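# Observations on the model geometry
One letter stands for each residue in the lines below.
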Amino acid sequence: MRTGLDCIVRLCDLRIEDRNYLEGVSMNFSGVRHPSIDVHPDLSAFHCLSMRDISVPDVTVFPNQDTVMWHFAERVRSIRKANVSTDCLTCRGFMRRCQGGCMALRRAAGPACHEPDSGDGAKEA
Ligand code: SF4
């Protein structure tokens, strides 16, 4: 049995032996997160629990799972690199192995991280 991990961590916050352990026991341990979409009984969905304001009213308007994933990934594109520390911006692993931590935490840290109007009629919660 392997664990799942919806949220990400900053890779340099972990000792190398702890990172190796988590990579070994988790099926999706990563420093870069793809949308961890929650779909609800009414078929609405949000990007992840911490960014539930980034939502769609009905996932069935999308032709398949991949297009839902792409939709949410596109909606957070501007947030993904906002409020990143200067250490991260100069890190060799930035956006390859690690995105510098949770986007929701970084978004809460400063005014530059608000999602722009997507213009696609997607509902804001
Ligand atoms: S991107 Fe930032 S948090 Fe991630 S390993 Fe590099 S310096 Fe650490």
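Here the structure is a predicted model, which is why all the values come from computation and not from measurement.

Once that is clear, we can look at the site of the ligand. Taken together, R10, L11, C12, G31, D87, C88, C91, G93, F94, C98, G100 and G101 make up the full set of residues near the ligand. Residue classes in the shell around the ligand are distributed as six nonpolar, four polar and two charged.

It is worth spelling out the sheet that holds strand β1 (residues 38-39) at this point. Strand order in the open sheet formed by three strands is β1-β2-β3, and the pairing between neighbours is antiparallel. Looking at the sheet topology across the chains shown, the edges are occupied by β1 and β3 (55-56). As judged from the two bridges shared by β1 and strand β2 (residues 45-46), these two strands associate in the antiparallel manner. Bridged to V39 within β2 is A45.

This next bit is on the confidence of the model for the protein chain. Per-residue confidence for the protein chain gives a mean pLDDT of 84; residues scoring 70 or more make up 87%. Per-residue pLDDT stays below 50 along residues 112-125; that stretch engages in 23 contacts with residues further than four places along the chain or on separate chains.

With that settled, consider the environment of L22. Summarising the element assignment, L22 is placed in helix α1 (residues 16-25). In the structure, L22 is positioned 18 residues away from G4 in sequence and 9.9 Å away in space, judged by C-alpha atoms.

Before going further, it helps to examine helix α2 (residues 65-75). The set of residues buried in α2 consists of H71, F72 and R75. For α2, the buried positions fall inside an angular range of 90° around the axis, keeping them on one side. Projecting away from the buried face of α2 at angles above 90 degrees are the exposed residues D66 and E74. Each element contacted by the buried residues of α2 is listed here: β3.

Scoring rules and cut-offs
Residues numbered from 1 in each chain as written. Predicted model: local features only at pLDDT ≥ 70, side-chain atom pairs only at ≥ 80, totals over all residues. Near = placed C-beta within 6 Å. Nonpolar A, V, L, I, M, F, W, Y, C, P; charged D, E, K, R; others polar. Pairing = 2+ DSSP bridges. Helix = DSSP H or I, 4+ residues; strand = E, 2+ residues; numbered from the N terminus. pLDDT = per-residue confidence, 0-100. Contact = placed C-beta atoms within 7 Å. Buried ≥ 20, exposed ≤ 12 C-beta atoms within 10 Å, placed from the backbone. Arc of directions from axis to C-beta.

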